[in-house]
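Summary of the model geometry
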Amino acid sequence: MNRRTIAQSLEQELRALEEYLAGNLGPVSPPGDVLQRLRGRIRLPQRKELASRLRDWQTLFLVFGGVLSGMLILITVGRALFHLFARKQVG
């Protein structure tokens, strides 16, 4: 058997399995209280609230600086580990 024949037979088996599962499995809906709690927790902020967050440049600057500092620390640690382990393998 060549690759094309094997691929076609696997595709037929997969299609048969999908048809079997689609016929035997039905949709499952979660309980209503779970949906109500989830809707209560998920809240999209209003446009005014988003705009006020972006206008607060001091907080934005602090967050941006924190992200850059964290990335710099990760890169430095990664480079240090690379140099430590690379030298042990070569030497």
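All values derive from a computational prediction rather than experimental measurement.

Digging into the pattern of salt bridges
- Going through the model one piece at a time under the given rule, you end up with two salt bridges.
- A salt bridge links E11 to R15; its shortest N-O distance comes to 2.8 Å. Here E11 and its partner R15 are both found in helix α1 (residues 3-24), four residues apart, which amounts to about one turn of the helix.
- Owing to a relative accessible area of 42%, R15 belongs among the partly exposed residues under this scheme.
- Among the ionic pairs, E49 bridges to R43, the shortest N-O distance being 3.4 Å.
- With a relative accessible area of 26%, E49 lands in the partly exposed category.
- Classification of R43 by relative accessible area gives exposed; the value is 54%.

Some details on a nonpolar patch on the surface
- A surface patch of nonpolar side chains, amounting to about 570 Å² of accessible area, comprises V63, F64, V67, L68, M71 and I75.
- Tracing the sequence through the fold places F64 in helix α4 (residues 57-90).

Things to note about the environment of Q46
- Relative to the helices and strands, Q46 resides in the loop between α2 (32-41) and α3 (47-55).
- Classification of Q46 as exposed rests on a relative accessible area of 57%.
- When the C-alpha positions of Q46 and D33 are compared, they lie 25 Å apart, and in sequence the two are 13 residues distant.

Some points on the confidence of the model for the protein chain
- Considering every residue of the protein chain, the mean pLDDT works out to 86; 93% of them sit at 70 or more.
- Ranking the elements of the protein chain by mean pLDDT puts α3 last, at 80, and α1 first, at 89.

What counts and how
Residue positions within a chain follow its written sequence, with the count starting from 1. Note on the predicted model: pLDDT of at least 70 is required for a residue's local features to be given, and 80 or more for side-chain atom pairs to be given and counted; whole-chain, interface and lining totals, by contrast, use all residues. With hydrogens and water stripped out, all remaining heavy atoms of the structure feed into the side-chain values. Whenever a carboxyl oxygen of Asp or Glu lies within 4 Å of a side-chain nitrogen of Lys or Arg, that contact is scored as a salt bridge. The numbering of helices and of strands both runs from the N terminus, where a helix is a DSSP run of H or I of at least 4 residues and a strand a run of E of at least 2. Relative accessible area decides the class of each residue, using a 1.4 Å probe on protein chains only: under 20% of the type maximum gives buried, over 50% gives exposed, and in between gives partly exposed. A residue counts toward a patch only above 30% relative accessible area and without a salt bridge, and it is joined to like-charged neighbours within 9 Å or, for Val, Leu, Ile, Met, Phe, Trp and Tyr, to nonpolar neighbours within 5 Å. All accessible areas in this document rest on Shrake-Rupley with a 1.4 Å probe, and a residue is counted as covered only by the protein chains that are shown. A residue's pLDDT is the predictor's confidence in that residue, given on a scale from 0 to 100.

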